[in-house]
Amino acid sequence: MSERSPDSLIASVQRLRGEIAKRIVGQDAVVDEILMALVAGGHALLVGVPGLAKTLMIKSLSDAMQLEFRRIQFTPDLVPSDITGTEILEESGGGARAFRFVRGPVFANIVLADEINRAPPRTQAALLEAMQEHSVTAAGNTMTLPEPFFVLATQNPIEQEGTYPLPEAQLDRFLFDIRVGYPSEADEISILRTTTGKRGAPIDAVFSAEDALALQRLVRELPCSELVLTYAAKLVRATRPQEASAPGIVRQYVRWGAGPRAGQALILGAKASALLAGRAAVSPADIRRVAMPVLRHRILPNFAAEADGVSAEPIIEALLSHVAAPGSALPA
């Protein structure tokens, strides 16, 4: 158990950011959201076109932490046992035979599920128990995964041939859906400069498993007022078209709204946001900061939305304008 003070733990996260910046240029918001998910004890889905350093970002994070890292490249021929592990028949020196379970790559602290939508649903489902229960059931036994346990999955949004969309139940297990966009012109010039010259300085490990678990405990202990809890609940309930509080855009374009797990994710993400900013309490601004990555994969647009080219993002922006923040007479 880490005996470091909260200030020392938060300072170590800042050093972690600095180590990642040795390899990753720009993408500050993306890195912040990954770190929020980490300290909140949740999993994250990174969605972006190829070449935006999604995999490098995750590998850099693992290099800067003293945690066991495994990468699983999802392919159409991947089977569940390739993830969880399998039994093999071994013969001892005396001729006796016995089965031994060989643990798969999911038995690690940070698991990179690269291009997760390339594997069939049966294989994707092999991660569900691990993500939700932090355990794996195989060969008749339930085995606990190492803590902290953190799944970072990547997905390509433009390549649909040979892919399998993630089921809603699995998407709901991701705390954040993080969108990785193109870099700015200045960042892109810097990327060209740093990646085509001599190799940069190696990344130093500045964060341990004990530090991560201590920060996750601090997130849980951070106070959250009744007003902020109510604000999060109202935001989630307003995503449901059958609710009286739902705005017109939700009634028009949403088939299914977010469930209670979205409210839990809003609060945990907001607590992580406040903690990493050095604040001792959650504010409505923290809820608004994490609303987009929390809700964008939990709102299911209907056929009218698809026909009109309306995605989840403008719906969430309308929600944030519609639902008044605590202490505000008008929508904030």
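Shown above is the structure to which this text applies.
As the structure is a computational prediction, the values presented were derived from the model and not from experiment.

Caption draft 1: Structural context of helix 2 (residues 28-40). Over its 13 residues, helix 2 runs 18 Å from end to end, which matches the ideal 18 Å to within 8%, given 1.5 Å per residue. Here helix 2 lies mainly inside the structure; 10 of its 13 residues are buried. Taken from the residues just after helix 2, Gly41 is the one with a positive phi, measuring 80°.

Caption draft 2: Just the layout of surface pockets, in detail. Here the largest pocket defines a volume of roughly 610 Å³. Only strand 1 (43-47), helix 6 (168-171), strand 10 (174-179), strand 13 (300-301) and helix 14 (312-322) provide two or more residues apiece to the lining of the largest pocket. Across the lining of the largest pocket, the residue classes break down as 12 nonpolar, seven polar and six charged. The computed volume of the second largest pocket comes to approximately 420 Å³. Contributing to the lining of the second largest pocket are 18 residues, with Gly41, Gly42, Leu175, Arg220 and Leu268 lying nearest its centre. The set of elements that each furnish at least two residues to the lining of the second largest pocket consists of helix 5 (121-133), strand 10, helix 8 (209-221) and helix 11 (260-276). No other element matches helix 11, which puts four residues into the lining of the second largest pocket. Here the residues of the lining of the second largest pocket sort into six nonpolar, seven polar and five charged.

Caption draft 3: Expanded view of the nonpolar core. One finds Ile34, Leu61, Leu152, Leu266 and Ile287 to be the most contacted residues of the largest nonpolar core, which totals 81 residues. The element best represented in this core is helix 11, accounting for 10 residues. Those residues within four positions of Leu152 in sequence are excluded, and the remaining contacts are Ile34, Ala44, Leu46, Ile58, Leu61, Ile110, Val111, Leu112 and Ala113. Within the second largest apolar cluster, 28 residues are counted, among which are Leu78, Ala130, Ala138 and Met143.

Rules used in this analysis
- Residues numbered from 1 in each chain as written.
- Predicted model: local features only at pLDDT ≥ 70, side-chain atom pairs only at ≥ 80, totals over all residues.
- Heavy atoms only, no water.
- Helix = DSSP H or I, 4+ residues; strand = E, 2+ residues; numbered from the N terminus.
- Expected span 1.5 Å × (residues − 1).
- Buried < 20%, exposed > 50% of the residue type's maximum accessible area, 1.4 Å probe, protein only.
- 1 Å grid on protein atoms, 1.4 Å probe; cavity = no way out; pocket = protein on both sides within 12 Å on 5 of 7 lines; lining within 4 Å.
- Points joined across faces, edges and corners; volume = space filled by probe spheres on them.
- Nonpolar A, V, L, I, M, F, W, Y, C, P; charged D, E, K, R; others polar.
- Core = buried A, V, L, I, M, F, W, Y, C linked by side-chain atoms within 4.5 Å.
- Contact = heavy atoms within 4.5 Å.

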